[in-house]
Amino acid sequence: MKVPALLLVACLAGCAPTSPRPSCAAFHASAAWQIDLFFGLSRPDGTVIDKAAWMSFVRNVIAPAFPDGFTITDTQGQWQDRHTHRIILEPSEVVRIVTAPTPQVMQRVDTIRARYRHDFQQQAVGLVTTPACAAFD
């Protein structure tokens, strides 16, 4: 028997935890977005984007878009190539941005992602967004 989607959603909503999420005010914080961007450092020809090229991109593209700050983490990433379906393990950078939720933020993020894909011949730049509370004082 098929369950109508709306009924299924209503039933699942009843299963949600009942403990309330504390408000940002409880932490003396403001509503924010946490945005994580995942940048692979391998080019399609197998060469690695060097630290100088990466830092130039950070200085010239990311920093002007988010002058209030961000965090960069060196890491290793794994993904599946869309064309060859090969599993790729590569050096990567994760950039975490915590910012006020405004319509301009996603436009700036989209510009960063498009520029990186173009400049470094990448298939994708990963994106994860999370609602958050933030205070920097």
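Scroll up to find the structure this text is about.
Visitor: Could you give me a rundown of the environment of proline 64, with the residues and numbers involved?
Guide: Its location among the elements puts proline 64 in helix α2 (residues 51-65). Overall, proline 64 belongs to the exposed group, its relative accessible area being 53%. In this structure, proline 64 is in contact with Val58 and Arg59, ignoring residues within four places of it in sequence.

Visitor: Outline the sheet that holds strand β2 (residues 71-80), supporting the account with residue identities and numerical values.
Guide: Taken together, the four strands give an open sheet; going across it, the order is β2-β3-β1-β4, and neighbouring strands pair in antiparallel fashion. The two strands at the open ends of the sheet, each matched to only one other strand, are β2 and β4 (126-134). Along the sheet, successive strands turn relative to each other by an average axial angle of 30°, direction set aside. Where strand β1 (residues 30-40) lies against β4, nine bridges are found, and the strand directions are antiparallel. From the neighbouring strand, isoleucine 35 faces β4, where its bridge partner is threonine 129. Its contacts with the sheet put α2 on β1, β2 and β3 (87-99), and the angle it makes with β3 is roughly 30°. Lying over the sheet, helix α3 (residues 103-119) contacts β1, β3 and β4, oriented at roughly 5° with respect to β1.

Visitor: I'd like a rundown of the pattern of salt bridges, residues and numbers included.
Guide: Taken as a whole, this structure holds four salt bridges when the rule is applied. Here lysine 51 and aspartate 74 are joined by a salt bridge, their closest N and O atoms 3.0 Å apart. On the criterion of sequence distance, the pair formed by lysine 51 in helix α2 and aspartate 74 in strand β2 is long-range, its members being 23 residues apart. Looking at aspartate 74, the relative accessible area reads 54%, which means it is exposed.

Visitor: Which residues make up the state of the cysteines, and what values go with them?
Guide: Taken as a whole and assessed by the stated rule, the structure comprises one disulfide. Sulfur-sulfur distance for the disulfide between cysteine 24 and cysteine 133 comes to 2.1 Å. Here the S-S torsion is close to -80°, and the disulfide linking cysteine 24 with cysteine 133 is therefore left-handed. In this pair, cysteine 24 is assigned in the loop between α1 (5-13) and β1 and cysteine 133 in strand β4, connecting sequence segments 109 residues apart.

Visitor: I'd like to hear about the packing of aromatic side chains, residue by residue, with values.
Guide: In this structure the tally under the stated criterion is eight aromatic pairs. With a centroid separation of 6.1 Å and 65° between ring planes, the pair formed by phenylalanine 39 and phenylalanine 57 is classed as edge-to-face. One end of the pair, phenylalanine 39, is in strand β1; the other, phenylalanine 57, is in helix α2, with 18 residues separating them in the sequence. Neither residue differs from the other here; phenylalanine 39 and phenylalanine 57 are each classed as buried. Seen in terms of ring centroids, tryptophan 54 and tyrosine 116 are 6.1 Å apart; in terms of plane orientation they differ by 85°. Their pairing is edge-to-face. Note that tryptophan 54 is positioned in helix α2 and tyrosine 116 in helix α3, a separation of 62 residues in sequence. Each member of the pair, tryptophan 54 as well as tyrosine 116, carries the same accessibility label: buried. Within the aromatic cluster, the residues linked to one another by ring pairs are Phe39, Trp54, Phe57, Tyr116 and Phe120.

What counts, and at which threshold
- Residues numbered from 1 in each chain as written.
- Predicted model: local features only at pLDDT ≥ 70, side-chain atom pairs only at ≥ 80, totals over all residues.
- Heavy atoms only, no water.
- Helix = DSSP H or I, 4+ residues; strand = E, 2+ residues; numbered from the N terminus.
- Buried < 20%, exposed > 50% of the residue type's maximum accessible area, 1.4 Å probe, protein only.
- Contact = heavy atoms within 4.5 Å.
- Pairing = 2+ DSSP bridges.
- Axes fitted to C-alpha atoms, helices over the stretch in contact; angles between N-to-C directions.
- Salt bridge = Lys/Arg side-chain N within 4 Å of Asp/Glu carboxyl O.
- Disulfide = S-S within 2.5 Å.
- Phe/Tyr/Trp six-rings, centres within 6.5 Å; stacked < 30°, edge-to-face > 60°.

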